[in-house]
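If you want the building blocks of each chain, they are given just below.
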Number of protein chains: 4
Amino acid sequence: MVGHSFMGAVHSQAWRSVSRFFDLPRAPRMVALGGRDAQRTAQAAERMGWESVETDWRALLRRDDVDLVDICTPGDTHAEIAVAALEAGKHVLCEKPLANTVAEAERMVSAAEAAERRGVFSMVAFNYRRVPALALARRMVAEGRIGDVRHVRAMYLQDWLSDAESPMSWRLRKEQAGSGALGDIGAHIVDAAQFVTGQHVTGVSALTETFVRKRPGEQGPEDVTVDDCAVFTARFSSGAVGSFEATRYALGRKNAMRLEVNGSRGSIAFDFESMNELWFYDGDEDPDTAGFRRVVVTEPTHPYLGAWWPPGHLLGYEHTFTHELADLVTAIGEGRPPEPSFADGLRVQRVLRAVEDSAAADSVATRI
Amino acid sequence: MVGHSFMGAVHSQAWRSVSRFFDLPRAPRMVALGGRDAQRTAQAAERMGWESVETDWRALLRRDDVDLVDICTPGDTHAEIAVAALEAGKHVLCEKPLANTVAEAERMVSAAEAAERRGVFSMVAFNYRRVPALALARRMVAEGRIGDVRHVRAMYLQDWLSDAESPMSWRLRKEQAGSGALGDIGAHIVDAAQFVTGQHVTGVSALTETFVRKRPGEQGPEDVTVDDCAVFTARFSSGAVGSFEATRYALGRKNAMRLEVNGSRGSIAFDFESMNELWFYDGDEDPDTAGFRRVVVTEPTHPYLGAWWPPGHLLGYEHTFTHELADLVTAIGEGRPPEPSFADGLRVQRVLRAVEDSAAADSVATRI
Amino acid sequence: MVGHSFMGAVHSQAWRSVSRFFDLPRAPRMVALGGRDAQRTAQAAERMGWESVETDWRALLRRDDVDLVDICTPGDTHAEIAVAALEAGKHVLCEKPLANTVAEAERMVSAAEAAERRGVFSMVAFNYRRVPALALARRMVAEGRIGDVRHVRAMYLQDWLSDAESPMSWRLRKEQAGSGALGDIGAHIVDAAQFVTGQHVTGVSALTETFVRKRPGEQGPEDVTVDDCAVFTARFSSGAVGSFEATRYALGRKNAMRLEVNGSRGSIAFDFESMNELWFYDGDEDPDTAGFRRVVVTEPTHPYLGAWWPPGHLLGYEHTFTHELADLVTAIGEGRPPEPSFADGLRVQRVLRAVEDSAAADSVATRI
Amino acid sequence: MVGHSFMGAVHSQAWRSVSRFFDLPRAPRMVALGGRDAQRTAQAAERMGWESVETDWRALLRRDDVDLVDICTPGDTHAEIAVAALEAGKHVLCEKPLANTVAEAERMVSAAEAAERRGVFSMVAFNYRRVPALALARRMVAEGRIGDVRHVRAMYLQDWLSDAESPMSWRLRKEQAGSGALGDIGAHIVDAAQFVTGQHVTGVSALTETFVRKRPGEQGPEDVTVDDCAVFTARFSSGAVGSFEATRYALGRKNAMRLEVNGSRGSIAFDFESMNELWFYDGDEDPDTAGFRRVVVTEPTHPYLGAWWPPGHLLGYEHTFTHELADLVTAIGEGRPPEPSFADGLRVQRVLRAVEDSAAADSVATRI
């Protein structure tokens, strides 16, 4: 694994846990952790359970005992590491967004496709696909339980930038983060909407805004060069109509990744702040007793749940990563490409670029 | 009153009730009901408590015992009746949307302004301003409780057209209804968003869709000539960013008129399906105990509530009309213009037109 | 009608409205209002729409134009007025609790039975039976939708006595009020539980408490002589187990009259603070998609709803009284006894007495 | 650790994780797993990460590399193992309920007190004390945020026995399980209520019921010899009034461990099905904006949360065990007794016995 801050910590917990709960073709070993600062990386490796340390990620690629590289670094480094790893014959798991630009993402997809022909696989870490409630939603949509999709309503609301005095960070600089709320959290809802509906976003009309344009940096006020929010309407491949919003200024909403889909036979609704619940409206019900029902997604028949606790005993955020690794390791073991692929990541990236293009061009509808 | 279907029935209940609960300068008399069909109008008058009947609305304007005309007819008749009534010296309450076109609405505003100079007043019936929870929201925003407004999220979700086999009606013909979901329910959320924030929508970028393009009419399939849904992003006069959606295809949502406003100090959220509740997040709270709180808006200090029942005893849909009439009759009695004025109605109308223009021009941002 | 404070105001609104929305055998006339103070009664009559005034309730009984007496006075006067009215050949609607003692209630039932043989009818005003959601719950239980009832969980939580400094009132004196939370709000949940389940409470084990034993009266501190809360377990005729709680000290709960019933095939749950909703769990559903569903009880097929507005347009507290009167007037017009009868009221009264007896005897199980 | 079914699996995940997230005096080693069946225990040890296996729990006590014994076996074995372990100088963590009888629990407390004098510590595993929301509730009550406690409303509702055809199991036999819903889940709410309020239950009046008296066993129908539900009222040391219910027949409620406490200044409410939320009503708030607020308990200042993810990223059921171990290991490292002690476990046991005694004696109030 390369990188050992927030994402590194979550991935490590998932790597430690996955074979304890899921039957895998092969139990993963946590061979080596990559990081630039030798001392801090060593401390992290000790804490997180990695057997050894490398201060240059290239060294990881040269090791025979490394079969897979898990990339948990900021987006501007993804392309270089991922392409090199794939070329070195290592499977790759790459954090989202796949890259900071479409061009980088395209290069990664080429490398992934070439590698796949050699039996080397890759996956982009849209972990929300592994929230059991969203995996259940996908299954229900695929089974036709809500009929033809007409409306998609997706939002990702956070509030940690609400305070105009909170300090500058790398996430607010375009050169490192690529974009602001759009790439950070907007990417999640674009992928989730496409995943759950089984449709692609084909066009968007967008508006972005930066509410606080300067923030306190280490050497005085610094310019914020990314969006604070992105709101956009969208068309889907099937003709459905979408409404998206990503913001880090929705005071009181801590991690409200919400998705509602209305179809011709039913509807589903989800909010990550209540991540163990899926709301379902069955349009085939007698109107007398029809209503959105709160499905507590903890039954043994629900996706991933057979591995865990009895009904009503909730899972948390980190479990989505454990599920992701279970799927990844299983797919590799079975010699088939895991999902979501780098191509899926590129598809999201193209939507993000279209959002930026549209926002820069007076919101005019922009095709993907 | 002219018109005696759904809106007429609600207004009648409000006219019958208003002086029973509010101290008015003068208790209203329900003098006459206008309708085209003599027999049906007479039956309605009997049922609804009107003293007499007129089959030509012009006759109402000639009566000395009529001081105010309440217009509950479809939108294509509003301008003619309202202008004539104002010119005849009658106060006017007009159902929303004010008119089917901006041109009509402008004519109505001119008439209203001229009439006002003669002490004759007019009001457009955006009844949702009189939902106590939304009136409280307005008061809180005006008092600065949520600080500077950054995000407005407004949607009006219904589902009564979900079934593609449900029959054609006048609401689906452009010449009578003006537009579809946009004018019918979109108008409400545009007005509510402007009312609660105290800001104007200054620009929109929109997309509309008609999901079911033919429906069974009395003589076979008929073309639906209005929108089934309208989704749009918006800018507000203060720089806030808005997201709007109006649809009659959100299966399971019966009357979900929702408004969320995020400011720099707090947030408020509302859903008409739980119309006696306002959710408030106070950003000044200690994070340890901060959270969206469910304010049951039934306290005697809440807007309009002093007139009704003890805390926790809910009000319903029809009460918003009773409150509207209380405000109208009081304003007229005190010789000051009631709100929302025809000019407020025109402002909404201009937003609706900009939505249609933007939707017709590839969603390009369109100024109001 | 006798009495014109809170209950009088609600009943008056219902009397004014009922024939506007329901097809009745005969539209009621609001002939006369009874009250002790001539001036205040006259003002109330004017405000509430009564045609005349009587300062002695006995005078009402002598009037030929009075067919029905609606008793809205405190509980200690019910027996005398109701018995006299029935003997005078007037139909009677009596507010709950039926009486302050079982002995009085028994006398009233005798009078009611005698009157019924002469075609003179009576009803006790447990208005919560006419909340559409609870009427729907009753219908569903009767249809077997939840199977055999095993658990009943009923609570009525208010908070208006939480403040130990709030003043003394007649509701806190045993001689006038009979009991405290028990008779005031506990009576409602006992009736509602029996109504919805179709079962009788056959035994209770109870505990009551008075948290604040002295409150400021007009001449200094006064003793509170009623219970502040009553909690009890119960057995039902079918073997179901019940848990009841009535309190006016549940800070933050304004009018939380809650009922949950768990059966062998399903469950229903209700909270009066969201009175337009019924939650239903269908145990026959596939566990994958089973969940408590929020039925918005505003469909035309729901009890009483055909008379009102389109789906999603809520009703309020006062509508329960309008429904009550519709049922009452219809039953009388059709010559059949309305429900709930005085005998139903007596049944509740006996439960309340058993609660008091049990609480006084170390909570020992006490049969009804 | 002794035992490796459900509880063993959860404890193992907590033992593996605790030092990854919490700074402990010493990182725990998972030395040995005890179980009767050699092969199955070895498989479990492999799966769960234990270094070695013992088929006799006494062997664990003889090992020098074992400092602490974690008892995850059924209740009828707790006393013997725990007392022996303490006498052998091993710290003990014992699953709840502490024992199947008060006599056993008393013996365990004696052993624990004797051991503590030698620096050997013990803890009973009421893991719900380590739900962050309940730990926050405890902190708020202790700080006086809700004032004097008046009402406690505690229920633990499950539904996995609703189906009368589901098979017999050891949990339904008195000799092994001690009691039914009462000891299994009732124990949790008794402890949680005492923990959060800081009060003791001093008396109860109870009713228990067995709805399904025979269930299919391996050799034909077998008698169920424990309660299916227990409902009881209670008095607390401070004068507060309690209402408790434990059942496994509340169809649709999967794991609804609920606690509501109303005080003179505020209220708190919790439901384990939404375990990351605490609802708080602040009675000191202006009534205009007062309401139950949903605190998402994921802030770094919330109990245990500093060790985990950013705000809004939820924890699950298993984290309560990780927290429990963090507290246990820290207390032992610091040479002070961890909580809840065996004495706390005994206190719960005495309440459970009083419930059974009261239920057997016509619900008469029974002192603890």
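Every chain is numbered independently, its residues counted from 1 as its sequence is written. By the order in which they are written, chains take letters starting at A while ligands take numbers starting at 1. The predicted nature of this model means local features are confined to residues of pLDDT at least 70 and side-chain atom pairs, given and counted, to a pLDDT of 80 or more, with totals for whole chains, interfaces and linings taken over all residues. Note: side-chain values were computed over all heavy atoms of the structure, leaving out hydrogens and water.

Some words on the overall build of chain A
Here's step 1: Numbering goes from the N terminus for both helices and strands, where a helix is a DSSP run of H or I of at least four residues and a strand is a run of E of at least two. Looking only at helices and strands, chain A has ten helices and 16 strands in total.
Here's step 2: Taking 368 residues into account, the globule formula puts the C-alpha radius of gyration at 21 Å, and chain A, at 21 Å, falls close to it.
Here's step 3: Considered along the principal axes of its C-alpha atoms, chain A spans approximately 65 × 50 × 40 Å.
Here's step 4: Relative to its full complement of 368 residues, chain A shows a buried share of 66%.
Here's step 5: Pairs at least 24 residues apart make up 69% of the contacts formed inside chain A by residues separated by at least 6 positions. Our radius of gyration looks at C-alpha atoms and nothing else; its globule reference is 2.2 Å times the residue count to the power 0.38. When accessible area is computed with a 1.4 Å probe and restricted to protein chains, residues below 20% of their type maximum are described as buried, those above 50% as exposed, and intermediate ones as partly exposed. Whether two residues are in contact is decided by their heavy atoms: any pair within 4.5 Å suffices.

Details of the interface of chain B and chain A
Here's step 1: Across the boundary between the two partners, chain B contributes 48 residues, which contact 48 residues of chain A.
Here's step 2: By definition, the buried area sums, over both parts, the 1.4 Å-probe accessible area that each loses when the two are put together. Counting each side, the surface lost to burial between chain B and chain A is near 3,500 Å², with a carbon and sulfur contribution of 55%.
Here's step 3: Taken as a group, Arg 150, His 151 and Leu 251 of chain B account for 19% of the area that chain B buries against chain A, more than any other trio of residues on that side.
Here's step 4: Definition used for salt bridges: Asp or Glu carboxyl oxygen within 4 Å of a side-chain nitrogen of Lys or Arg. In this assembly, chain B and chain A are joined by six salt bridges.
Here's step 5: One salt bridge in this structure joins Glu 245 of chain B and Arg 153 of chain A, with 2.8 Å as the shortest N-O distance.
Here's step 6: Any pair of nitrogen or oxygen atoms within 3.5 Å is treated as a polar contact; in protein, a donor-acceptor pairing is required on top of that, and neighbouring residues in sequence qualify only through side-chain atoms on both sides. Linking chain B with chain A are 21 residue pairs in polar contact (both at pLDDT 80 or more).
Here's step 7: Those elements that place two or more of their residues in the side of chain B that touches chain A are strand S6 (149–157), strand S7 (201–209), strand S10 (229–236), strand S11 (241–247), strand S12 (256–263) and strand S13 (266–271) of chain B.
Here's step 8: Looking at the side of chain B that touches chain A element by element, the count peaks at six residues for S10 of chain B.
Here's step 9: For this scheme, ten residues count as nonpolar: Ala, Val, Leu, Ile, Met, Phe, Trp, Tyr, Cys and Pro. Four count as charged, namely Asp, Glu, Lys and Arg, and the remainder, Gly too, count as polar. For the side of chain B that touches chain A, a count of residues per class yields 19 nonpolar, 17 polar and twelve charged.

A word on the pattern of salt bridges
Residues and elements named next belong to chain A.
Here's step 1: If you walk through the whole model with that rule in mind, you get 132 salt bridges over all chains.
Here's step 2: Measuring nitrogen to oxygen at the nearest pair gives 2.5 Å for the salt bridge that ties Lys 214 to Asp 223.
Here's step 3: For Asp 223, a relative accessible area of 44% gives the class partly exposed.
Here's step 4: It is possible to trace a salt-bridge network through shared partners that takes in Lys 96, Arg 171, Asp 184 and Arg 248.

Some thoughts on the pairing of strand S6 (residues 149–157) of chain A
Residues and elements named next belong to chain A.
Here's step 1: Within S6, nine of the nine residues are buried, leaving the element largely enclosed by the surrounding structure.
Here's step 2: When DSSP finds at least two bridges between two strands, those strands are taken to pair. As paired strands, S6 and strand S12 (residues 256–263) are joined by eight bridges and run antiparallel to one another. Note on S12: the bridge partner recorded for His 151 is Asn 262.

Remarks on helix H10 (residues 342–360) of chain C
Residue and element names in this part refer to chain C.
Here's step 1: Over its 19 residues, H10 extends 27 Å from the first C-alpha to the last, a length consistent with the 27 Å expected when each residue adds 1.5 Å.
Here's step 2: Buried residues of H10: Phe 342, Asp 344, Gly 345, Leu 346, Val 348, Gln 349, Val 351, Leu 352, Ala 354, Val 355 and Ser 358, and no others.
Here's step 3: Residue Ser 341 occupies the N-cap position of H10, its side-chain oxygen lying 3.2 Å from the main-chain nitrogen of Ala 343.
Here's step 4: Downstream of H10 by one or two residues, Asp 362 has phi in the positive range, about 60°. By this rule, a helix spans an expected 1.5 Å times one less than how many residues it contains.

Considerations on the packing of aromatic side chains
Here's step 1: Classification of ring pairs uses Phe, Tyr and Trp, with its six-membered ring standing for Trp, and accepts pairs whose centres are within 6.5 Å; under 30 degrees between planes counts as stacked, over 60 as edge-to-face, and the remaining range as tilted. Using the criterion set out here, one finds 66 aromatic pairs over all chains in the structure.
Here's step 2: Ring centres of Phe 232 of chain D and Phe 244 of chain D lie 4.9 Å apart, and the angle between their planes is 0°; this geometry places the pair in the stacked category. With Phe 232 of chain D in strand S10 (residues 229–236) and Phe 244 of chain D in strand S11 (residues 241–247), this pair connects stretches of sequence that are twelve residues apart. Each member of the pair, Phe 232 of chain D together with Phe 244 of chain D, is buried.
Here's step 3: Among the aromatic residues, those joined into a cluster by ring pairs are Phe 6, Tyr 128, Tyr 156, Phe 270, Phe 272, Tyr 317 and Phe 321 of chain A together with Phe 21, Phe 22, Trp 308 and Trp 309 of chain D.
Here's step 4: Whether a charge sits over a ring comes down to the Lys NZ or Arg CZ being within 6 Å of the ring centre and within 35 degrees of the ring normal. The aromatic ring of Phe 292 of chain B is capped on one face by Arg 253 of chain A, whose charged end is 3.7 Å from the ring centroid.

A few points about the relation of the copies chain B and chain A
These two copies of the chain differ by a rotation about an axis and a displacement along the same axis.
Here's step 1: Here the copies are matched by least squares. The fit uses the C-alpha atoms of residues with pLDDT of at least 70 in both. Note on the copies: chain B fits chain A at an RMSD of 0.0 Å, the axial shift is 0.0 Å, and the rotation between them is 180°. Taken together, the turn and the small shift mark the pair as related by a two-fold rotation axis. If distances are taken from each C-alpha of chain B to the rotation axis, the shortest is found for Val 364 of chain B, at 2.1 Å.

Comments concerning the interface of chain D and chain B
Here's step 1: Each partner contributes residues to the interface: chain D has 19 residues there, and chain B has 19 residues.
Here's step 2: Summed over the three residues of chain D that lose the most area to chain B, namely Asp 288, Thr 289 and Arg 293 of chain D, the buried surface amounts to 44% of that side.
Here's step 3: Along the contact surface separating chain D from chain B lie four salt bridges.
Here's step 4: In this structure, the salt-bridge partner of Glu 285 of chain B is Arg 293 of chain D, at a minimum N-O distance of 3.0 Å.
Here's step 5: Of all the elements in the fold, those that place two or more residues in the side of chain D that touches chain B are helix H6 (132–142), strand S14 (277–282) and strand S15 (292–296) of chain D.
Here's step 6: In terms of residues, the side of chain D that touches chain B owes the most to one element, S15 of chain D, which gives four residues.
Here's step 7: Each residue belonging to the side of chain D that touches chain B can be placed in one class, and the counts come to eight nonpolar, four polar and seven charged.
Here's step 8: By the bridge criterion, three bridges tie strand S15 (residues 292–296) of chain B to S15 of chain D in an arrangement that is antiparallel. Paired with Arg 293 of chain B across the bridge in S15 of chain D is Arg 293 of chain D.

Looking at the sheet that holds strand S5 (residues 122–125) of chain C
Residue and element names in this part refer to chain C.
Here's step 1: Reading across from one edge, S3-S4-S5 is the order of the three strands in this open sheet, with parallel pairing throughout. Lying at the two open borders of the sheet, with one neighbouring strand each, are strand S3 (68–71) and S5. The sheet shows a mean angle of 10° between the axes of neighbouring strands, taken without regard to direction.
Here's step 2: Where H10 meets the sheet, it contacts strand S4 (91–95) and S5, and its direction lies at approximately 40° from that of S5. Axes here refer to lines fitted to C-alpha atoms; in helices the fit is confined to the stretch in contact. Angles between the N-to-C directions go from 0 to 180 degrees.

Quick look at the pairing of strand S10 (residues 229–236) of chain A
Residue and element names in this part refer to chain A.
Here's step 1: Taking burial as the measure, the eight residues of S10 include seven buried ones, the bulk of the element.
Here's step 2: In the sheet, S10 pairs with strand S11 (residues 241–247) via seven bridges, with the strands oriented antiparallel. When the bridges of S11 are listed, Val 231 appears paired with Glu 245.
Here's step 3: Taking the residues between adjacent antiparallel strands as the criterion, S10 and S11 are bridged by four residues, where Gly 239 takes a positive phi near 100°.

Quick word on the sheet that holds strand S3 (residues 68–71) of chain A
All names here are of chain A.
Here's step 1: Taken in spatial order, the three strands make up an open sheet running S3-S4-S5, and their pairing is parallel. With one partner strand each, in any of the chains shown, S3 and strand S5 (122–125) form the two edges of the open sheet. Strand-to-strand, the axes of this sheet are offset by a mean angle of 10°, without reference to chain direction.
Here's step 2: Both strand S4 (residues 91–95) and S5 contribute to a ladder of four bridges, which runs parallel. Pairing of Glu 95 across the sheet is with Ala 125, part of S5.
Here's step 3: Strands in contact with helix H9 (residues 319–333) are S3, S4 and S5; relative to S4, the strand with the most contacts, it is inclined by about 155°.

Description of the side chain of Lys 254 of chain C
Here's step 1: Relative to the helices and strands, Lys 254 of chain C resides in the loop between strand S11 (241–247) and strand S12 (256–263).
Here's step 2: In this structure Lys 254 of chain C touches Glu 299, Pro 311 and Gly 312 of chain B, Leu 157, Gln 158, Asp 159 and Glu 273 of chain C together with Tyr 281 of chain D, once residues within four positions along its chain are discounted.

Comments concerning the relation of the copies chain D and chain B
Here's step 1: Once chain D has been moved 0.0 Å along the axis and rotated by 180°, it coincides with chain B to within an RMSD of 0.0 Å.
Here's step 2: Interface overlap between copies is the fraction of interface residues in one copy that are interface residues in the other; for chain D against chain B it reaches 100%, indicating a shared surface.

Focus: the confidence of the model for chain A
Here's step 1: Put simply, chain A has an average pLDDT of 97, and 100% of its residues get 70 or more.
Here's step 2: Both scores are given for the predicted complex: the pTM is 0.97, the ipTM 0.95. pLDDT measures the predictor's confidence residue by residue and takes values from 0 up to 100.

Focus on unusual backbone geometry
All names here are of chain A.
Here's step 1: The amide bond that connects Lys 96 to the next residue, Pro 97, takes the cis arrangement and shows omega of -10°.
Here's step 2: In this fold, Pro 97 is placed in the loop between S4 and helix H5 (102–117).
Here's step 3: Of note in the backbone geometry, Tyr 304 takes a positive phi value of approximately 75° without being a glycine.
Here's step 4: For Tyr 304, the position within the fold is in the loop between strand S15 (292–296) and H9.

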